[in-house]
Amino acid sequence: MKGFRIGLWLIVAVALGVLALFATQLSKPKDDLVRSQMIGKPVPQFKLDAIVPDRPGLSSADLADGKPKLLNIFASWCVPCAAEAPQLAALEAQGVNIVGVAIRDKPADASQFLQLYGNPYSRIGADNLSAVQLAIGSSGVPESFVVDGKGIIRYQHIGDIQDRDVPVLLQKLREAGQ
Amino acid sequence: MIAEFGLAALWLAAALAALQLLSGCLSLTEKGQNLALLVRPAAVIQAVLCAAAFGSLLLLFARTDLSVLLVAMNSHSAKPMIFKVAATWGNHEGSMLLWVTVMALAGGLIALIEKRLPERTMLATLGAQAFVGLGFYAFLLFSSNPFERLSPPAEQGMGLNPLLQDIGLAFHPPTLYLGYVGLSVAFSFAVGALLTRNVTPEFARVMRPWILGAWIFLTLGITAGSYWAYYELGWGGWWFWDPVENASLMPWLAATALLHSASVLASRDALRTWTIMLGVIAFSMSMMGTFLVRSGILTSVHAFAVDPERGSFILALLVLNIGAALVLFALRANTISEGQQFRAVSREGALVINNVALSAILGIVLLGTLYPLLTEAFGIRVSVGPPYFNPVSAIFAVPMLIVLAVGPMLRWRRDSLGRIEKPIIAVILAGLVGIIVAFSLGGIELLPFIGIVLSLMVAVGSVLPLKGRSLRRLPLAVWGMVIAHLGIAVALFGMSADSAFTQQTLVAASPGDVAKVGPWTITLESVDPVAGPNWTALEGRMAASYRDEPAQRIAPQSRTFWAPPQQTSESALLTRWNGQLYAVIGNEAEDGRWQLRLWWKPFVTFIWYGGIMIALGGLLALMGRVSVDLRRRHAQRRIEQRHEGYVQ
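Below is a summary of the structure that appears in this document. These numbers were taken from a predicted model, which means no experiment stands behind them. (Residues numbered from 1 in each chain as written. Chains lettered and ligands numbered in written order. Predicted model: local features only at pLDDT ≥ 70, side-chain atom pairs only at ≥ 80, totals over all residues. Heavy atoms only, no water.)

1. Remarks on the interface of chain B and chain A
- Between chain B and chain A, the residue contacts involve 29 residues of the former and 21 residues of the latter.
- Summing the contributions of chain B and of chain A, the shared interface buries around 2,200 Å²; its carbon and sulfur component is 73%.
- When the buried area of chain B at its contact with chain A is split by residue, B:Ala330, B:Asn334 and B:Arg381 rank highest and sum to 22% of it.
- The tally of links between chain B and chain A comes to zero salt bridges.
- Taken together, the elements giving at least two residues each to the side of chain B that touches chain A come down to α10 (272-295), α11 (308-332) and α12 (347-377) of chain B.
- At eleven residues, the largest contribution of residues to the side of chain B that touches chain A is made by α11(B).
- Among the residues making up the side of chain B that touches chain A, the classes are represented as 19 nonpolar, seven polar and three charged. (Contact = heavy atoms within 4.5 Å. Buried area = accessible area lost by both parts, 1.4 Å probe. Salt bridge = Lys/Arg side-chain N within 4 Å of Asp/Glu carboxyl O. Helix = DSSP H or I, 4+ residues; strand = E, 2+ residues; numbered from the N terminus. Nonpolar A, V, L, I, M, F, W, Y, C, P; charged D, E, K, R; others polar.)

This is the structure:
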């Protein structure tokens with residue numbers, strides 16, 4: 001009979017534990033960002049065709065040419081991508097080499113987008129199936145990755161780049177260059 | 001005016017629930033016995049008021065009254081009438097109002113007709129019902145008022161999530177809610193019985209129709225939800241172990257166990273404490289499901305309006321109801337004597353195995369659902385899916401199904417396996433046939449293989465209790481059991497066949513191209529634009545022929561809704577007795593070809609036929625039980641009348 005009573009209170013304890021877990025998780029801000037598991041690892045092998053005539057396509061070999069780069073995932077149909085254009089321009093003005101991956105985009109739309117909002121990219125690859133996007137661990141558009149000279153992913157920025165993010169990214173790029 | 005009337009009715013109903021709780025509690029004390037007169041009328045009037053409030057909201061949605069915030073947020077004047085009505089409960093506030101309404105109606109019904117239990121137990125039960133109800137009234141009135149006005153009124157409504165603009169939605173959530181709320185009645189009965197220390201077979205008989213009713217609705221709700229996900233989401237899957245699906249499965253598992261243990265209590269006066277505990281747990285699972293779904297604490301394909309404040313409110317209700325009931329249970333459980341004893345090999349013994357296995361599966365599903373939440377507290381993100389749920393629950397499901405095949409043939413109290421030797425051999429033979437057939441087909445994975453074999457064993461085992469009995473005189477309840485158990489076999493066969501034999505093709509086709517999947521040949525004839533009341537779509541017209549049979553037309557659509565803007569895929573299904581062809585049209589590729597996804601799913605429909613059979617079995621059992629009760633009540637009244645005659 002004693003074991004029975006202990007068992008009963010054990011159920012109460014487990015139930016209270018579960019409720020306490022609910023309470024702590026509920027009070028925390030919900031973190032919906034999906035962080036890449038690829039940070040610290042080399043960029044997977046890929047080769048993407050060009051999407052606009054005046055910029056070459058992008059392959060993983062281009063990312064391992066000894067210089068750190070900012071890899072920006074964007075699309076012409078993405079509104080926050082237009083919002084981050086001035087910040088990308090500012091980074092380019094500071095001498096950052098920016099390469100782009102256009103997600104599920106059409107050449108005509110991409111050209112028009114770049115005309116409207118500026119073209120900070122040295123290379124742009126067309127990722128029509130989001131294959132490269134998924135392989136480097138990005139779950140949305142826009143996202144930006146700092147890749148060092150050896151092609152290793154150093155840092156991930158999720159969402160559009162805002163004014164306050166520019167110095168952070170510059171710092172990360174400097175660290176990646178060392 | 002309608003909105004104000006509805007709100008006033010809701011406040012009054014809440015006040016009556018408070019009165020019902022207070023008078024219910026006080027009437028249990030010596031001084032307050034006179035208050036007992038108030039309890040039943042309070043419950044009945046509360047039910048009427050609540051129904052009036054829900055009716056008001058229904059009317060507001062039917063008229064698309066855009067001066068009401070909830071209507072403006074969730075409806076649109078261009079929607080077909082059926083979806084305007086369904087929008088009433090297709091949102092948080094409306095669904096909570098539906099919840100309290102059904103709960104109040106159930107409470108009113110008990111107050112009106114239930115006279116079999118000792119009055120003290122009834123008062124405690126109605127008090128408990130009011131306690132649970134009051135929490136939900138507070139929730140509605142303080143944090144989710146469905147009647148809030150919008151000033152100035154909106155020009156046009158925002159619409160309803162297009163995935164939900166489907167006939168399945170009109171019935172899926174209210175069906176599940178009826179199930180959840182039915183379990184709240186069982187919960188109140190359990191609390192009432194605990195409070196007054198009155199756990200008797202009579203108590204189980206009174207509680208049983210409510211459990212059965214709840215269980216039927218849960219079964220139907222889960223079956224319909226699964227079919228809806230299958231044809232609407234366009235993935236070809238029918239169960240995803242999504243947290244929201246699990247939230248409806250867990251109360252079903254608990255209710256299934258409760259149903260069987262209540263039967264033991266009703267017939268044999270055994271398993272008293274266990275029945276009470278399952279009564280508490282079944283409703284706890286319903287409430288926890290509501291919490292998981294509504295708080296947005298877990299990531300799920302069911303994107304409901306997520307609001308941490310509401311989550312906190314439901315959590316508080318959860319703590320109050322479950323916490324109080326479990327503590328009461330822990331304090332009182334050992335004052336309830338265990339009731340009649342029985343041998344391991346007996347009907348009771350088999351039902352205990354069923355109960356333990358169902359509870360274990362419940363624990364497994366609960367752990368898998370909450371595990372991501374637990375690891376997230378330590379900063380680790382995981383998701384738990386079929387590789388965990390399927391094999392781990394099979395560990396308990398397999399022995400349970402074997403017992404299901406032979407258990408119903410055992411006698412109450414004590415029996416020997418030797419007595420039912422022949423039926424056992426028949427079940428084993430069915431299993432052997434299954435093994436041979438499954439082997440000869442070849443290439444079947446372990447779990448579907450076991451599933452096919454077990455489904456044959458359960459199918460044979462479930463009809464054997466009919467042997468040697470007069471089918472005409474067989475009580476409805478026994479028919480119900482046989483059909484429900486057979487339904488389990490049918491559904492299990494469908495699930496196993498679907499995972500063992502499904503064939504899939506993904507092709508890019510231009511009009512005129514031919515694709516093959518399994519025994520089907522499908523020709524894409526054209527892709528044309530079509531328009532509906534609030535959507536436009538691209539429709540792929542195809543001709544599908546099964547082997548050499550004449551071709552049949554199918555037309556899957558890729559729909560674009562404009563209020564709110566969203567794309568959905570409307571799969572096209574072609575049903576034969578032996579399976580379904582499932583076709584989905586995707587996006588246009590650059591070169592004018594279209595993505596087609598085609599599945600041939602042998603016997604997949606058996607899953608839902610089985611579900612319907614299980615619910616039908618429940619319905620027959622319910623009808624059987626209620627008619628027996630009515631007859632008994634009638635007979636008793638006649639005895640009483642005769643008795644009165646003697647006195648005169």
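2. Quick notes on the pairing of strand β4 (residues 98-103) of chain A
Residues and elements named next belong to chain A.
- Within β4, six of the six residues are buried, which leaves the element mostly enclosed by the surrounding structure.
- Taking every second residue as pointing to the same face, both faces of β4 are buried, with Ile98, Gly100 and Ala102 on one and Val99, Val101 and Ile103 on the other.
- Looking at chain direction, strand β3 (residues 69-74) and β4 are connected through five bridges and run parallel. Of the residues in β4, the one forming a bridge with phenylalanine 74 is alanine 102.
- Where β4 meets strand β5 (residues 121-127), six bridges bridge the pair, whose relative direction is parallel. Bridge pairing in β5 places isoleucine 98 opposite tyrosine 121.
- In the classification by handedness, the crossover that spans β4, the intervening helix α4 (residues 107-117) and the parallel β5 is right-handed. (Buried < 20%, exposed > 50% of the residue type's maximum accessible area, 1.4 Å probe, protein only. Pairing = 2+ DSSP bridges. Right-handed = clockwise from strand over helix to strand, strands pointing away.)

3. What about the pattern of salt bridges?
All names here are of chain B.
- Tallied over the full model, the rule gives 19 salt bridges over all chains.
- Notably, a salt bridge pairs arginine 40 with glutamate 119, separated by 3.1 Å at the nearest N-O pair. One end of the pair, arginine 40, is in helix α2 (residues 36-62); the other, glutamate 119, is in helix α6 (residues 119-143), with 79 residues separating them in the sequence.
- Look at arginine 40 and you get buried, because its relative accessible area is 13%.
- Its relative accessible area of 40% is what places glutamate 119 among the partly exposed residues.
- Connected via shared salt-bridge partners are Glu4, Asp65 and Arg149.

4. Things to note about the packing of α2(B) against helix α5 (residues 92-113) of chain B
Residues and elements named next belong to chain B.
- Running from N to C, α2 and α5 point in directions that differ by 150°, and their axes come no closer than 8 Å. By the angle between their axes, α2 is roughly antiparallel relative to α5. Crossing handedness for the pair α2 and α5: left-handed. Residues Arg40, Ala43, Val44, Gln46, Ala47, Cys50, Ala51, Ala53, Phe54 and Leu57 of α2 lie in contact with α5, whose contacting residues are Gly94, Leu97, Leu98, Val100, Thr101, Ala104, Leu105, Gly107, Gly108, Ile110, Ala111 and Leu112.
- Grouping the amino acids of the contact of α2 with α5 by side-chain chemistry returns 16 nonpolar, five polar and one charged. (Axes fitted to C-alpha atoms, helices over the stretch in contact; angles between N-to-C directions. Parallel < 35°, antiparallel > 145°, perpendicular 65-115°, else oblique. Left-handed = near helix turned anticlockwise from the far one by under 90°.)

5. Topic: the sheet that holds strand β10 (residues 594-602) of chain B
Residues and elements named next belong to chain B.
- A sheet is described by the order of its strands in space; here four strands give the open sequence β1-β10-β9-β8, paired in antiparallel fashion. The sheet is open, and its two borders are formed by β1 (503-509) and β8 (572-576), each paired with just one other strand. The mean angle between the axes of side-by-side strands here comes to 15°, regardless of whether they run parallel or antiparallel.
- As defined by bridge partners, β8 adjoins strand β9 (residues 579-588) across five bridges and the pair is classed as antiparallel. The partner of threonine 575 across the bridge, within β9, is glutamine 580.
- Set on the sheet, helix α8 (residues 201-232) makes contact with β8, β9 and β10; between it and β9 the angle comes to about 45°.

6. Describing helix α3 (residues 85-93) of chain A
All names here are of chain A.
- Those residues of α3 that sit buried are Ala85, Gln87, Leu88 and Leu91. Angular distribution of buried residues about the axis of α3 spans 160°; they occupy a single face of the element.
- Buried residues along α3 sit against β3, α2 (79-83), β4, α4, β5 and α6 (165-177).
- Just past α3, the residue glycine 95 takes up positive phi, approximately 95°. (Arc of directions from axis to C-beta.)

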